[in-house]
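# Descriptive analysis of the structure
One letter stands for each residue in the lines below.
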Amino acid sequence: MDIKLQQTLLSAKAAAGDLASLAVHEDEANRQGFIEMAAVDASGNVWIVGWMNQDKTEAFPAVLVDRQKYPSSMCVIAEFTREDLPQGASGIIAVLTTDWRPSSESEAILYFGSKLLSHLRALRPLPVVKMTTVFELFDQVKGRSRSAFSEVANQLLMPHSEWMPTELSALGFPLSLDIDSVLVVPGFGCLTRGWILSPAKQIVSMRVKTGSSVLKCDESRLVFEGRPDLKAVNRHVSTDFSKAGFVSLFLGNVSSDAVHDLRLQIDFAGGITVTREISPLKVSLLGISAPVDSISRFYPSIQHEEIFASLAKSVRLFEKQRHSSLFEYKVSGKRKAIVVALPPDRSDALLVFESLTELAGDLPDDVGITVIASRSHDRGHIVSRFTNLGRSRATGLSLFFVDDPAYALFVLDKILPALSADVFSFVGAGVYLSRSGWKQLVENLSEDSRALAFFRVSNTRAQGGVQLERARSSCFKWNTVDFCRHAQTMSGYVGGHHQDNGMIKSSQLDPATTSVSGSYFRPHLQSSLALAINSAGA
Amino acid sequence: MIDQNELTVVVSHQHPRVSKGGAEVAAYALFKGLQARGKRAVFVAACPHSEQSKVLDLPEDEKLFFYHPGEYDHFYHIAPPDTVHQLISILGACKPSHVFFHHFYLVGINSIAAVARTFDAVLSLTFHEYLSICHHNGQMVTKPNRALCTTATPARCTACFPEHTSDQFRIRQDYLVESLDQIDFFISPSRFLAERITAWGLPASKISIIENGLLDLHEREPGGRRAAPRQQWTFGYFGQINPFKGVDVLLKSAELLAQAPGSSEIVIKLHGNFVGQTPEFIKRFEAALDGNKNLSYLGPYEHADVLKLMSECDYVIVPSVWWENSPVVIQEAYAARKPVITSDVGGLIEKVEANRTGFHFKIGDPRDLARTILAACDSVLHDKLVGNLPEPVSPESMAERYWLTVSPASSPPLLITQTD
């Protein structure tokens, strides 16, 4: 990117940090336009296409809100007339410097101005396109763009080098290579394991292209390993098999949508470049098709690497993003809500429903029950049990479905407003409360306090009353306004919970802790890597 | 004294017309015994939808609630809502003063809890096996080796069921104990089971020991005494033909006996039906029959014929390889005046007194069983044992003892023992 523009954007982003503490409110009267599509380039910049009422000739600070606040900066690099727009409005292509990553499920609003009153609203769902699409659009409008940055934009949006796969047999020197596996960590990069047999030419550099992003090889983390298995089938090749294998890290802002179009490019001595397509069958997406611990298969000690903080940040952000889907089955709210996330095991879920069935008939009128179930649960059982709850209570029963109730906290800020609940108690998936435990929870909810309070699950049947150590965020009480405010900045966590999920810091008060009788369905087993990711930056 | 206005309900996990297991037969015996004592009683049983045709035209005082087996949760014993509603509806129409639950399996712990919440009735639960303690079919034997288990702990249980965590087993115990706290009285047919239940977590002050009554005692065809002196000794097995009942042990023992001198005077007869056995077991069974002319299989039998069939034996063998509780076959053997040879564990040795009403052999040991069988072939010894055999408990006697236990006027001491 042009250095001057880059500096201007960074400076504006720094100013946005001060603005981020301001409260924001979406008022249609202050809407200045829409974001109609977004893309992310290899350097991590976000490009938006849309339209805007105001003329902005310089980079300016902004705060992008998409479930949390992202201090950002924006610069319009192409401004042009569109026939479909109201008078005074212009089509725009702009670049953002931001930590925000667009996705089709984004609910983004870009606020700007000295008091963050003006805003651009992103379409829902938001089309996330390749950079080539942005370039093509720019190519169409650059001739009539009024922006002072058009020349810079031209340089930025030029398409990448040719990435057509190379026919190895036509090279004129012996070479064979393959990729064994690729692990994509959205927002961070690709971890790759493969092998190269190149007896005649030395490797100079490597890179990976995914969609429109090009990720360079982090050469300080390029590791060579022996491949004796290749020797047996390549006896005619005279090369050092002890270094034929490699593990490498290609850093860059790779999107979760671009994993199907990966290509490896290798530069050899003598100016020869070879491009290889990577089969989608060998590509895993962290958290979707590969667990977090699979990172260790590439770099067993990655938590000790300097890049670990950046990796952890990307993993947690992606965990939060991929668990943001919510499907409403029925909503009937009350002023106070008991929100229960069901455990994954069928028997455990039925036991929780039994507890709720016993509870429902005796609840105060202003308390409702909300169940969060998994879309992987036996739906017939869940719906029939939920319907049965209605026999004990005519109103105040709600049911939502999510991909994984262990991550229910990440959608709670969408559930609570739908319930119109003022205060709530949350019981996480994995928590079992005995009859007396539920009674304690309901009594606590009946108290007037709206402050954050935690429930410490204690197995009182065990001798001495065994206090069970788990994340405090698995069972707590709070008010909706404060929780939803906290949720905008709440980090994602592997497994959905980590200590108090940052709630104590947000509440700025010392929360009370009350013991409730119960247990947990499963031990809280987390790998050292997952724990390190969750703890990073604490 | 029995209040003629009170109505009692006996709840069973199956109806004897559908299944003739010990628990449902005992429940029905209590029901009939209560009625014989002049009590207003209703019998309520669970029935799978698929078996409805077997229970048509029931009398007015017998009710059914229907279930689909796939909807019952076998870990925490939670019945589906429909089962609970059916049971509540039936009891609502009865307005019982007392409810006697036999077994919670298929009825559901949650159903019992719902009954406790809904009705102001005296509730009792009779245990017929160790299901509250042990997830392995309530037998307290390990998986897969089927070794006897003496203590259930969450950690030990996960060894048998690694698909469940020790936390889940702890919760299972907590949930069951907490739910059963709403029961007023617990009844066990054996002291062995009562002690296990107490160790597991139920208060001893609520537990009484009452033997099951034997149904249709007077309607069964009596058997005659076998003539003496004997040229031959006949040992009978009565029950399901499956490995858990120790049939493998008996077959092996028969093979050993066939090689012993004087064994031609020993005949072993097996009675019962095959239900869901593996092809390997059936193959072993058939091979054992083929190879031993003193071993015979007489097929399934009706309960009405059991006394007659037992009369053709000298001893009844109960070679079970698990603890058992109070197998009805022992009571039937006593009714037929036959001493019993049984494995030396659990409820079995409680119901069969060694050298008084029968003999014990080392559980799972075919050689020891063979030695015991040989030693039992003694006319003087046999006649002495027959003279010691107790009279089986009648349904009326069973009902009287149940009623004494649950009556507010009586103050039973800790762990009532049955009296002859």
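Residues numbered from 1 in each chain as written. Chains lettered and ligands numbered in written order. Predicted model: local features only at pLDDT ≥ 70, side-chain atom pairs only at ≥ 80, totals over all residues. Heavy atoms only, no water.

A count of helical and extended segments in chain A gives 13 helices and 26 strands. For a compact globule of 538 residues, the expected C-alpha radius of gyration is about 24 Å, and chain A comes in at 27 Å, within 12% of that figure. Projected onto the principal axes, the alpha-carbon positions of chain A cover approximately 80 × 70 × 40 Å. Long-range contacts, defined here as pairs at least 24 residues apart, represent 75% of the contacts in chain A between residues at least 6 apart. Entry remark: accessible area of chain A is about 23200 Å², with carbon and sulfur atoms responsible for 50%. For chain A, the distance from the average position of its 55 positive side-chain charges to the average position of its 56 negative side-chain charges is 3 Å. (Helix = DSSP H or I, 4+ residues; strand = E, 2+ residues; numbered from the N terminus. Rg over C-alpha atoms; globule rule 2.2 N^0.38 Å. Contact = heavy atoms within 4.5 Å. Areas by Shrake-Rupley, 256 points an atom, 1.4 Å probe, with all protein chains shown as cover. Lys, Arg positive; Asp, Glu negative; His and termini not counted. Charge placed at Lys NZ, Arg CZ, Asp CG, Glu CD.)

Considering all chains together, one arrives at 33 aromatic pairs over all chains under this definition. Look at Phe-75 of chain B and Tyr-76 of chain B: their rings are 4.8 Å apart centre to centre, the planes differ by 80 degrees, and that puts the pair in the edge-to-face class. Note on Phe-75 of chain B: relative accessible area 2%, which makes it buried. Residue Tyr-76 of chain B is classed as buried on the basis of its relative accessible area of 0%. Ring plane angle 80 degrees and centroid distance 4.9 Å describe the contact between Phe-274 of chain B and Phe-285 of chain B, whose orientation is recorded as edge-to-face. With Phe-274 of chain B in the loop between β9 (266-271) and α8 (279-290) and Phe-285 of chain B in helix α8, this residue pair connects regions lying 11 residues apart in the sequence. With a relative accessible area of 28%, Phe-274 of chain B lands in the partly exposed category. What makes Phe-285 of chain B buried here is its relative accessible area of 2%. Linked through ring pairs, Phe-424, Phe-426, Phe-476, Trp-478 and Phe-483 of chain A together constitute an aromatic cluster. Of note, Arg-193 of chain A hangs over the ring of Phe-298 of chain A, and the distance from its end group to the ring centre comes to 5.6 Å. Positioned above the aromatic ring of Phe-75 of chain B, the side-chain terminus of Arg-172 of chain B is 5.8 Å from the ring centre. (Phe/Tyr/Trp six-rings, centres within 6.5 Å; stacked < 30°, edge-to-face > 60°. Buried < 20%, exposed > 50% of the residue type's maximum accessible area, 1.4 Å probe, protein only. Lys NZ or Arg CZ within 6 Å of the ring centre and 35° of its normal.)

Across the boundary between the two partners, chain B contributes 26 residues, which contact 24 residues of chain A. Buried area between chain B and chain A, both sides added, is near 2200 Å², and the carbon and sulfur share of it is 48%. Joining chain B to chain A, the criterion identifies three salt bridges. Across the pair Asp-73 of chain B and Arg-346 of chain A runs a salt bridge whose closest N-O atoms are separated by 3.8 Å. Broken down by secondary-structure element, the contributors of at least two residues to the side of chain B that touches chain A are α2 (81-94), α3 (109-118) and α5 (166-180) of chain B. A per-element tally of the side of chain B that touches chain A places α5 of chain B first, with 10 residues. Residue classes in the side of chain B that touches chain A are distributed as 10 nonpolar, eight polar and eight charged. (Buried area = accessible area lost by both parts, 1.4 Å probe. Salt bridge = Lys/Arg side-chain N within 4 Å of Asp/Glu carboxyl O. Nonpolar A, V, L, I, M, F, W, Y, C, P; charged D, E, K, R; others polar.)

Residues and elements named next belong to chain A. Relative to the elements of secondary structure, Thr-357 occurs in helix α7 (residues 346-360). The spacing of Thr-357 and Ser-296 is 61 residues in sequence and 44 Å in space, taken between C-alpha atoms. Discounting residues that sit within four places of it in the chain, Thr-357 has contacts with Asn-388, Leu-389 and Ser-392. Within the structure, Thr-357 has its side chain in polar contact with the backbone oxygen of Phe-353 (distance 2.8 Å). (Polar contact = N/O pair within 3.5 Å; in protein donor to acceptor, adjacent residues only side chain to side chain.)

On to the packing of helix α9 (residues 412-419) of chain A against helix α11 (residues 480-489) of chain A. Residue and element names in this part refer to chain A. Put simply, α9 and α11 touch, their axes get as near as 9 Å, and they point 150 degrees apart. When the axes of α9 and α11 are compared, the pair comes out roughly antiparallel. The hand of the α9/α11 crossing is left-handed. The residues of α11 that touch α9, namely those facing Leu-412, Asp-413, Leu-416 and Pro-417, are Thr-480, Phe-483, Cys-484 and Ala-487. (Axes fitted to C-alpha atoms, helices over the stretch in contact; angles between N-to-C directions. Parallel < 35°, antiparallel > 145°, perpendicular 65-115°, else oblique. Left-handed = near helix turned anticlockwise from the far one by under 90°.)

A few words now on the pattern of salt bridges. All names here are of chain A. Applying the stated criterion to the full structure yields 40 salt bridges over all chains. Residue Lys-313 is joined to Asp-99 by a salt bridge in which the shortest nitrogen-to-oxygen separation is 3.3 Å. Remark: Asp-99 occurs in the loop between β5 (90-97) and β6 (109-112) and Lys-313 occurs in helix α6 (residues 308-322); sequence separation between them is 214 residues. By relative accessible area, Lys-313 is classed as exposed at 53%. The exposure class of Asp-99 is partly exposed, given its relative accessible area of 35%. Via salt bridges that share partners, Arg-335, Lys-336, Asp-366, Asp-422 and Arg-450 belong to a single interconnected network.

In this section: the confidence of the model for chain B. It should be kept in mind that the predicted coordinates are not to be read in detail where pLDDT is low. Residues and elements named next belong to chain B. Across chain B, the average pLDDT comes to 90, with 92% of residues at or above 70. No element of chain B has a lower mean pLDDT than α8, at 90, and none a higher one than strand β12 (residues 340-343), at 98. In this model, residues 411-420 is a region of pLDDT below 50 whose contacts with residues beyond four sequence positions or in other chains number 18 contacts. Taken over the whole predicted complex, pTM reads 0.78, whereas the ipTM for its chain interfaces reads 0.88. (pLDDT = per-residue confidence, 0-100.)

Quick look at the pairing of strand β11 (residues 213-217) of chain A now. All names here are of chain A. Most of β11 sits inside the fold, with four of its five residues counted as buried. Note: strand β10 (residues 203-210) against β11, four bridges, orientation antiparallel. Along β11, the bridge assignment pairs Arg-207 with Lys-216. Of the pairings in the sheet, the one linking β11 to strand β13 (residues 245-251) comprises two bridges and is antiparallel in character. Considered in β13, the bridge of Cys-217 is made with Phe-250. (Pairing = 2+ DSSP bridges.)

Residue and element names in this part refer to chain A. Taken together, the buried positions of α11 are Thr-480, Phe-483, Cys-484, His-486 and Ala-487. Down the axis of α11, the buried side of the element spans an arc of 160 degrees, and every buried residue falls inside it. Seen from the buried face of α11, the exposed residues on the opposite side, beyond 90 degrees, are Arg-485 and Thr-489. Here the buried face of α11 lies against α6, α9, β21 (423-427), β25 (475-479) and α12 (503-507). Sitting at the head of α11, Asn-479 places a side-chain oxygen 3.3 Å from the backbone nitrogen of Val-481. (Arc of directions from axis to C-beta.)

On to the sheet that holds strand β13 (residues 358-361) of chain B, then. Sheet strands associate in pairs through backbone hydrogen bonding, adopting either a parallel or an antiparallel arrangement. All names here are of chain B. Across the sheet, six strands lie side by side as β10-β9-β8-β11-β12-β13; this open sheet has parallel pairing. Of all the strands in the sheet, just β10 (295-297) and β13 have a single pairing partner and so form its edges. If you compare each strand with its neighbour and ignore which way they point, the axes differ by 25 degrees on average. In the sheet, β12 pairs with β13 via four bridges, with the strands oriented parallel. Along β13, the bridge assignment pairs Val-340 with Gly-358.

The next subject is the environment of Phe-135 of chain A. Relative to the helices and strands, Phe-135 of chain A resides in helix α2 (residues 131-141). What makes Phe-135 of chain A buried here is its relative accessible area of 17%.

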